[in-house]
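# Inside the fold
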Amino acid sequence: MSSASAVSITSEPDATGHFGPYGGRFVPEVLMAPLEELEIAYQQAQADPAFHAELDDLLHNYAGRETPLYYAKRLSEELGGARIYLKREDLLHTGAHKINNCLGQALLARRMGKNRIIAETGAGQHGVATATVCALFGMDCTVYMGAEDMRRQEINVFRMRMLGAKVVGVSNGSQTLKDAINEAMRDWVTNVSETHYLLGSALGAHPYPLMVREFHSCMGKEARAQMLEREGRLPDAVFACVGGGSNAIGIFHAFVPDGGVRLVGVEAGGRGKATGDHAARFSGGAPGVLHGAFSYLLQDDDGQVSLTHSVSAGLDYALIGPEHAWLHDQGRAAYVNISDEEALQAAVRLSRTEGIIPALESAHGVAEAIRQAPSYPGKIFLVNLSGRGDKDIGIYRENLKELDAGL
Amino acid sequence: MTSRIAQKFAELKARDERALVAYLTAGDPTPSRTVPLVLALERAGADIIELGVPFSDPIADGPVIQRAAERALKAGASVAGILEMARRIRQQSQIPLLLFTYLNPVLRYGFERLAAEAKEAGIDGCLLTDLSVEEAAAYVERMRAHDLDTVFLAAPTSTPRRLELVARYSTGFIYLVSRTGVTGERDQVAGNVADMVTSLRTHSDKPIAVGFGVSRREHVATLRGEAEGVVVGSAIVRLIEEHGSSADLEARLEAFVRELKQGTRAPEMAIP
């Protein structure tokens, strides 16, 4: 791709929330007017300096922004190629980038006079971040979580409960993120007048993909400025894992106009494409509609949504955020996938070279950077380390049995 | 050309009756049961059939219809298979048939392919719960090209501007969602249906059918004074769920629907 062509790419949606052909607003009529209301409230908040002042204060003093840009020296030297920098979102309050969006949306809900918050969660990070901001603002909080994910992430379930949230297990379908969103949307359809749905990824009906991106765009803005300060130049490539795609779009956004910066989204390759047990939408999916947005979707020939698999609950979802679909089709971002096994190995490697245990989701981004680094000496890589691994210790133990046995 | 749906509403109006629109999930409990069930609904007095095409992620549906969709998908229901059911119904009946589903199965099948094959199979129209009027241009255009009705939902939250759009894009009838929430049975009909109907009437004189939470004869009778039709879904689907394996399912369904249909008739005409 030539950098000249990339510079002309804009990633702003049209007035009805379409990124190219993707995105839009595909929901039952009951939700249409409330989404219009949300869009207006969001636009008004975005134009209000007082809103930004309060959000920035909370991001700094409560959540811990800005996060460091850390040069992973031992990892880079061991790989002997590109120099790898990590954007340390894992150091944020609650342990992942999710809090950025939660603070923004909670402030917005308060402006709209909605005191009841609902959310879905996969890995539990968004649920914990939502429960956290609800505690902070004294809001009523209900989090929907797949029963299978509740098993995989039991510590996060308890964290949410300790923070005062009600966690509702969803035992329909695959009992994962998709089913949790179904149930959250059913709640929203029913209680829409007093309830704000605090959607946790760059998914769903307009204005969610735009709004979630904007609340997370601080990651890319900071990282870009930090990189210029440290290296005097931009990175050559930016890596981020992509489930729905919020951490990726948050770090990509500031770099989209920088045509020389490769953007690499890393999907969950699961047990491998041949097995069908994965969440690699760009290699196995086709455009379709799920949960309000048109994008690449893993589905069968009859338009039924496929069951997905990833060792990491946060990447285990059938649709990719619509802006990623658009960046993909324009060739502005490349999307690859990393298997469960590669992600686990990358997590161990980062732990042992840098003393940083990453979230399983983030380990997918790290793994792709590790894979590419030896081929790019002299280049600079930026990896969004979107979350820390504390929540995944149980899964690491299950999957790294020799380590657990002390072998 | 007058559609079967429009013609049905005209006939009912002449008899001072309201339309009983009956929903069932096609393929539930198994694909082979659907045609006899539809014919039983017709014998019992149902005026229009909503043939639900099951979808894996039915966000507008409550647990009863969610379970029906799961059963139907497990039993192998597919869009093509459901069109084949429609062909078989058409060999025996002229009852109006409306496909009722979510956007993705139709998108995947293709608007043109679905419209052409649905028309040929004897389907009269389509309703996609998660397709808003704003996004519907391509779909409506293909449906019109094949003389199929497009029914859209009006909701308690719809603004006047939205009601106007919904009324304009709807043909056959307008489906008024009587309350916020998912499909499912309720004890009472929503209190503000009359107000919603009045607002909708300022935009359109198309027939209105009220659904969501309508499950008993008294609900139907209450709504007789408000709208041209009522939609009953979950109560029918629950009956199919409870008696799906029994030999007298059709007879039970007929008895239940016959009772509902009484509510659509003028009180002096109704057989007690």
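Nothing here was measured: the structure is a model prediction, and the numbers come from that model.

Cut-offs used in this document
- Residues numbered from 1 in each chain as written.
- Chains lettered and ligands numbered in written order.
- Predicted model: local features only at pLDDT ≥ 70, side-chain atom pairs only at ≥ 80, totals over all residues.
- Heavy atoms only, no water.
- 1 Å grid on protein atoms, 1.4 Å probe; cavity = no way out; pocket = protein on both sides within 12 Å on 5 of 7 lines; lining within 4 Å.
- Points joined across faces, edges and corners; volume = space filled by probe spheres on them.
- Helix = DSSP H or I, 4+ residues; strand = E, 2+ residues; numbered from the N terminus.
- Nonpolar A, V, L, I, M, F, W, Y, C, P; charged D, E, K, R; others polar.
- Salt bridge = Lys/Arg side-chain N within 4 Å of Asp/Glu carboxyl O.
- Buried < 20%, exposed > 50% of the residue type's maximum accessible area, 1.4 Å probe, protein only.
- Arc of directions from axis to C-beta.
- Contact = heavy atoms within 4.5 Å.
- Polar contact = N/O pair within 3.5 Å; in protein donor to acceptor, adjacent residues only side chain to side chain.
- Pairing = 2+ DSSP bridges.
- Core = buried A, V, L, I, M, F, W, Y, C linked by side-chain atoms within 4.5 Å.

### A word on empty space enclosed by the protein
Residues and elements named next belong to chain A. Under the defined criterion, the tally for this structure stands at eight cavities of 30 Å³ or more. Taken together, 31 residues form the lining of the largest cavity, with His 97, Lys 98, Ser 246, Gly 314 and Glu 361 sitting closest to its centre. Those elements that place two or more of their residues in the lining of the largest cavity are β5 (116-121), α6 (125-137), α9 (177-191), α12 (246-252) and α16 (360-372). Of the residues contributing to the lining of the largest cavity, the split by class is nine nonpolar, 18 polar and four charged.

### Quick word on the layout of surface pockets
Taken as a whole, the largest pocket spans an internal volume of roughly 450 Å³. Of all the elements in the fold, those that place two or more residues in the lining of the largest pocket are α9 of chain A together with α3 (63-74) of chain B. Counting residues per element, the lining of the largest pocket draws most heavily on α3(B), which supplies six residues. Of the residues belonging to the lining of the largest pocket, the class tally is six nonpolar, seven polar and seven charged. Its boundaries defined by the atoms lining it, the second largest pocket holds a volume of some 310 Å³. Of all the elements in the fold, those that place two or more residues in the lining of the second largest pocket are α7 (147-152), α8 (154-162) and α17 (393-399) of chain A. Of the residues belonging to the lining of the second largest pocket, the class tally is four nonpolar, eight polar and nine charged.

### What to know about the pattern of salt bridges
Counted under the stated rule, the structure contains 61 salt bridges over all chains. Two residues, Asp187(A) and Arg116(A), come together in a salt bridge whose shortest N-O distance is 2.7 Å. Here the residue Asp187(A) occupies a position in helix α9, and Arg116(A) occupies one in strand β5, the gap between them amounting to 71 residues. For Asp187(A), a relative accessible area of 7% gives the class buried. Within the structure, one salt-bridge network assembled from shared partners comprises Glu29(A), Glu36(A), Glu134(B), Arg161(B) and Arg162(B).

### Observations concerning helix α6 (residues 111-121) of chain B
All names here are of chain B. When we look at burial in α6, the residues that qualify are Leu 114, Ala 115, Ala 118 and Ala 121. For α6, the buried positions fall inside an angular range of 135° around the axis, keeping them on one side. Where the residues of α6 are buried, they touch α4 (79-90), β3 (97-101), α5 (103-109) and α7 (137-145). Downstream of α6 by a residue or two, Gly 122 has a phi angle that is positive, lying close to 100°.

### Re the side chain of Glu29(A)
Turning to its location among the elements, Glu29(A) is positioned in helix α2 (residues 29-46). Residue Glu29(A) is classed as buried on the basis of its relative accessible area of 6%. At a separation of 2.7 Å, a polar atom in the side chain of Glu29(A) contacts the side chain of Ser158(B). Look past the residues within four positions of Glu29(A) in its chain and what remains in contact with it is Thr129(B), Leu153(B), Ala154(B), Ala155(B), Thr157(B), Ser158(B), Arg162(B) and Val166(B).

### Re the environment of Phe255(A)
All names here are of chain A. When you line up the elements, Phe 255 lands in the loop between α12 and β10 (262-270). In this structure Phe 255 comes out as buried when scored by relative accessible area, which is 0%. Along the primary structure Phe 255 and Gly 220 are separated by 35 residues, whereas in three dimensions their C-alpha atoms are 7.1 Å apart. With residues near it in sequence (within four places) discarded, Phe 255 still touches Gly 220, Ala 223, Arg 224, Leu 234, Pro 235, Val 238, Val 261, Leu 263, Arg 332 and Leu 382.

### As for the environment of Asp187(B)
All names here are of chain B. Assignment of secondary structure puts Asp 187 in the loop between β7 (174-177) and α9 (193-201). With a relative accessible area of 59%, Asp 187 lands in the exposed category. The sequence separation of Asp 187 and Ile 5 amounts to 182 residues, and the corresponding C-alpha distance is 29 Å. Residues in contact with Asp 187, not counting those within four places in the same chain, are Arg 216 and His 219. Side chain to side chain, Asp 187 and Arg 216 meet in a polar contact 3.0 Å long.

### Side note on the sheet that holds strand β2 (residues 48-52) of chain B
The strands that make up a sheet pair up through hydrogen bonds in the backbone, lying either parallel or antiparallel. Residue and element names in this part refer to chain B. Strand order in this open sheet of nine strands is β5-β4-β3-β2-β1-β9-β8-β7-β6, and the pairing throughout is parallel. Among the strands making up the open sheet, the edge pair consists of β5 (149-150) and β6 (153-154). One ladder, built from four bridges, connects β2 with β3; its direction is parallel. When the sheet's bridge partners are listed, Leu 51 is paired in β3 with Leu 99.

### What to know about the nonpolar core
Formed by 102 residues in total, the largest nonpolar core has its most connected members in Phe252(A) and Ile49(B). It is α4(B) that contributes the most residues to this core, six residues altogether. The residues touching Ile49(B), leaving out its near neighbours within four places in the chain, are Ala22(B), Leu24(B), Val38(B), Leu41(B), Ile95(B), Pro96(B), Leu97(B) and Leu98(B). By size, the runner-up hydrophobic cluster in this structure holds 93 residues, among which are Val30(A), Leu38(A), Leu58(A) and Leu290(A).

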